[in-house]
Amino acid sequence: MTNELTYTKNGEYWIPDLTAAEQSVTLSKYGRMREWFLKKHRTITYNNLLLSGKLTAHLMEIDQAAVNRMEEIVPELAKRAGATEALKASDPMCWVGLMNTCKAQAEEIVMNELIYA
């Protein structure tokens with residue numbers, strides 16, 4: 001197996017045409033938020049992960065952990081808030097409001113635990 005490198009002449013210098021391997025990964029909002037946070041507030045960590053090729057794996061790990069944590073927290077908060085099936089049947093708008101509040105609280109917890117850590 002041979003790797004043929006191509007070069008581009010820039011002035012008197014020949015520079016190799018190097019590109020990073022593109023990885024097609026779909027991240028949810030948590031992975032994208034973690035990437036934004038690293039770019040803006042942890043630049044050295046972001047660059048180290050990017051240059052070592054570990055950024056995508058890191059973002060996927062944080063993304064999956066955040067989704068799993070949300071799935072754990074939301075039902076617990078809903079139970080504490082009293083968002084039951086009986087309430088859903090009798091007063092759907094109240095139930096939706098409670099569930100939205102529970103989701104917002106859970107996202108705040110996930111943000112502090114995983115995204116901004």
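Refer to the preceding data block for the structure.
Note that the structure is predicted; figures quoted are calculated from it, not measured.

Reading the values: the criteria
Here the residue numbers are simple positions, counted from 1 along each chain's written sequence. The predicted nature of this model means local features are confined to residues of pLDDT at least 70 and side-chain atom pairs, given and counted, to a pLDDT of 80 or more, with totals for whole chains, interfaces and linings taken over all residues. Excluded from the side-chain calculation are hydrogens and water; included are all heavy atoms of the structure. Strands here are runs of E lasting at least two residues and helices are runs of H or I lasting at least four, both read from the DSSP assignment and numbered beginning at the N terminus. Between two residues, a contact is recorded if the distance between any of their heavy atoms is within 4.5 Å. Charge assignment in this entry is limited to Lys and Arg as positive and Asp and Glu as negative, and neither His nor the chain termini are counted. Charge positions are represented by NZ for Lys, CZ for Arg, CG for Asp and CD for Glu. Each residue is placed in one exposure class: buried if its accessible area under a 1.4 Å probe, protein chains only, is under 20% of its type's maximum, exposed if it is over 50%, and partly exposed if it falls in between. For this analysis, a nonpolar core means a set of buried residues of the types Ala, Val, Leu, Ile, Met, Phe, Trp, Tyr and Cys, connected via side-chain atoms within 4.5 Å. Aromatic rings from Phe, Tyr and Trp, taking only the six-membered ring of Trp, are treated as a pair when their centres fall within 6.5 Å; an angle between ring planes under 30 degrees marks them as stacked, one over 60 as edge-to-face, and anything in between as tilted. In this description, a disulfide is simply a cysteine sulfur pair whose atoms lie within 2.5 Å. Patches in this entry comprise residues that are over 30% relatively accessible and not in a salt bridge; like charges within 9 Å are linked, as are nonpolar side chains (Val, Leu, Ile, Met, Phe, Trp, Tyr) within 5 Å. Per-residue accessibility takes into account occlusion by the displayed protein chains alone, with areas from the Shrake-Rupley method and a 1.4 Å probe. Salt bridges are defined as contacts in which a side-chain nitrogen from Lys or Arg sits within 4 Å of a carboxyl oxygen from Asp or Glu. Nitrogen and oxygen atoms within 3.5 Å of one another constitute a polar contact, given that in protein one can donate a hydrogen and the other can accept it, and given that sequence-neighbouring residues count only through two side-chain atoms.

Undergrad: Report on the overall build of the protein, specifying residues and quantitative values.
TA: Counting its secondary structure elements, the protein contains 5 helices and 2 strands. What you see in the protein, going N to C, is helices and strands ordered as β-β-α-α-α-α-α. Long-range pairs, those at least 24 residues apart, make up 61% of the contacts in the protein with a sequence separation of at least 6. The averaged location of the 15 negative side-chain charges in the protein is 5 Å from the averaged location of its 13 positive side-chain charges.

Undergrad: Provide a residue-level description of the side chain of H58, including the pertinent values.
TA: Turning to its location among the elements, H58 is positioned in helix α3 (residues 55–81). Accessibility expressed as a relative area gives 18% for H58, which makes it buried. Excluding anything up to four places from it in sequence, H58 contacts R34, L38 and L49.

Undergrad: Could you give me a rundown of the nonpolar core, with the residues and numbers involved?
TA: Core analysis: the largest hydrophobic core is formed by 16 residues, its most contacted members being Y30, M70, I73, L77, A106, V110 and I115. Counting residues per element, the ones that place at least two in this core are α3 and α5 (92–115). Counting residues per element, this core draws most heavily on α3, which supplies 7 residues. Counting 6 residues, the second largest nonpolar core, distinct from the first, contains L27, L38, Y46 and L49.

Undergrad: Describe the packing of aromatic side chains, with residues and values.
TA: Tallying each qualifying case throughout the model produces 1 aromatic pair. Their ring planes at 55 degrees and their centres at 5.3 Å tell us that F37 and Y116 sit as a pair that is tilted. Of this pair, F37 sits in helix α1 (residues 29–41) while Y116 sits in the segment after α5, and the two are 79 residues apart along the sequence.

Undergrad: Any details on the environment of K40? Residues and values, ideally.
TA: Topologically, K40 is positioned in helix α1. Separated by 32 residues in sequence, K40 and T8 place their C-alpha atoms 33 Å apart.

Undergrad: Account for the state of the cysteines, naming residues and giving values.
TA: This model, assessed by the stated rule, comprises 0 disulfides. Among the cysteines around C102, which has no disulfide bond, C94 carries the closest sulfur, lying 11 Å off.

Undergrad: Lay out a nonpolar patch on the surface with the relevant residues and their values.
TA: A surface patch of nonpolar side chains, about 490 Å² in accessible area, is lined by L5, Y7, W14 and L18. Along the chain, the position of Y7 falls in strand β1 (residues 7–10). For Y7, a relative accessible area of 43% gives the class partly exposed.

Undergrad: Just give me the short version of the side chain of E107, but keep the residues and values in it.
TA: The residue E107 is located in helix α5 in this model. Separated by 3.0 Å, the side chains of E107 and Y30 make a polar contact. Setting aside its immediate chain neighbours within four residues, E107 contacts K29, Y30 and M70.

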